[in-house]
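# Observations on the three-dimensional arrangement
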Amino acid sequence: VDGDTIHIDQHKIRLYGIDAPEKNQKCIYNNKDWECGIYSTNALIKLINNNEVKCQSNDIDRYKRLIAICFVEKSEINKLMVKNGWALAYRYYSRAYIDEEFIAKKNKLGIWKGQFEEPYKFRKKNK
């Protein structure tokens, strides 16, 4: 769906503890608009790569999506999206993935290579 939401069968699953740019969100890279939301979505698609995804759900959000930590084989998707710079640690809901975000930011990976508005602020502004 985007960089922090997937579909499995009829279930819409929001990846726990992360916040990725919205699909229509643009960032700035080399002083130009950059389709970072699409890049984030594509990074998640590439990570899954048609493999079986297994999720451990721990909640349901107000949009009736399952909130879950998901895996492809033994790799945790949530953690990798943050570590590779395609999502932020979603501190409003969790303290998970802060170390991974620090690594991505330090190494200017993914969205950290340019400037961006935090996804939750982008959503709030564009309701």
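Scroll up to find the structure.
Residues numbered from 1 in each chain as written. Predicted model: local features only at pLDDT ≥ 70, side-chain atom pairs only at ≥ 80, totals over all residues. Heavy atoms only, no water.

### Description of the layout of surface pockets
Space inside the largest pocket adds up to approximately 960 Å³. The wall of the largest pocket is formed by 33 residues, among which R14, R65, Y90, Y93 and R123 lie closest to the centre. Listing elements by their share of the lining of the largest pocket, those giving two or more residues are β2 (11-15), β6 (53-60), β9 (88-89) and α4 (119-125). Here the residues of the lining of the largest pocket are counted per class, giving 14 nonpolar, three polar and 16 charged. (1 Å grid on protein atoms, 1.4 Å probe; cavity = no way out; pocket = protein on both sides within 12 Å on 5 of 7 lines; lining within 4 Å. Points joined across faces, edges and corners; volume = space filled by probe spheres on them. Helix = DSSP H or I, 4+ residues; strand = E, 2+ residues; numbered from the N terminus. Nonpolar A, V, L, I, M, F, W, Y, C, P; charged D, E, K, R; others polar.)

### Notes on the nonpolar core
With 27 residues, the main nonpolar core has C70, I77, M81 and I111 as its most contacted residues. Only β2, α1 (36-48), β7 (66-72), α2 (77-83) and β9 provide two or more residues apiece to this core. Every residue in contact with I77, bar those within four places of it in the chain, is listed here: L15, L44, L47, I48, V53, C70, F71 and V72. (Core = buried A, V, L, I, M, F, W, Y, C linked by side-chain atoms within 4.5 Å. Buried < 20%, exposed > 50% of the residue type's maximum accessible area, 1.4 Å probe, protein only. Contact = heavy atoms within 4.5 Å.)

### Digging into the side chain of D4
Along the polypeptide, D4 turns up in the segment before β1 (5-8). A distance of 3.1 Å separates a polar atom in the side chain of D4 from a polar atom in the side chain of T5. A polar side-chain atom of D4 sits 2.8 Å from the main-chain amide nitrogen of A20. Among residues more than four places away in sequence, those in contact with D4 are I13, R14, L15, I18, D19, A20 and L44. (Polar contact = N/O pair within 3.5 Å; in protein donor to acceptor, adjacent residues only side chain to side chain.)

### A short note on the state of the cysteines
If you walk through the whole model with that rule in mind, you get two disulfides. Disulfide partners in the chain, listed by the sequence order of the bonded cysteines, are 1-2, 3-4. (Disulfide = S-S within 2.5 Å.)

### Concerning the side chain of E100
You can see E100 is positioned in helix α3 (residues 98-106). Comment: no salt bridge for buried E100; closest opposite-charge side chain is K79, at 4.0 Å. Not counting chain neighbours up to four residues away, the residues in contact with E100 comprise K79, V82 and K83. (Lys, Arg positive; Asp, Glu negative; His and termini not counted. Salt bridge = Lys/Arg side-chain N within 4 Å of Asp/Glu carboxyl O.)

### Some points on the pairing of β1
In terms of strand pairing, β1 meets β2 through four bridges, oriented antiparallel. Within the sheet, the bridge partner assigned to T5 lies in β2 and is R14. Count of turn residues in the β1/β2 antiparallel hairpin: two residues, of which D9 carries a positive phi of about 55°. (Pairing = 2+ DSSP bridges.)

### A look at the environment of R14
Along the polypeptide, R14 turns up in strand β2. C-alpha separation for the pair R14 and A68, spaced 54 residues apart in sequence, amounts to 6.4 Å. Contact partners of R14, with chain neighbours within four places excluded, come to D4, T5, D19, D61, R65, L66, I67, A68, Y90 and R123. At a separation of 3.3 Å, a polar atom in the side chain of R14 contacts the side chain of D19.

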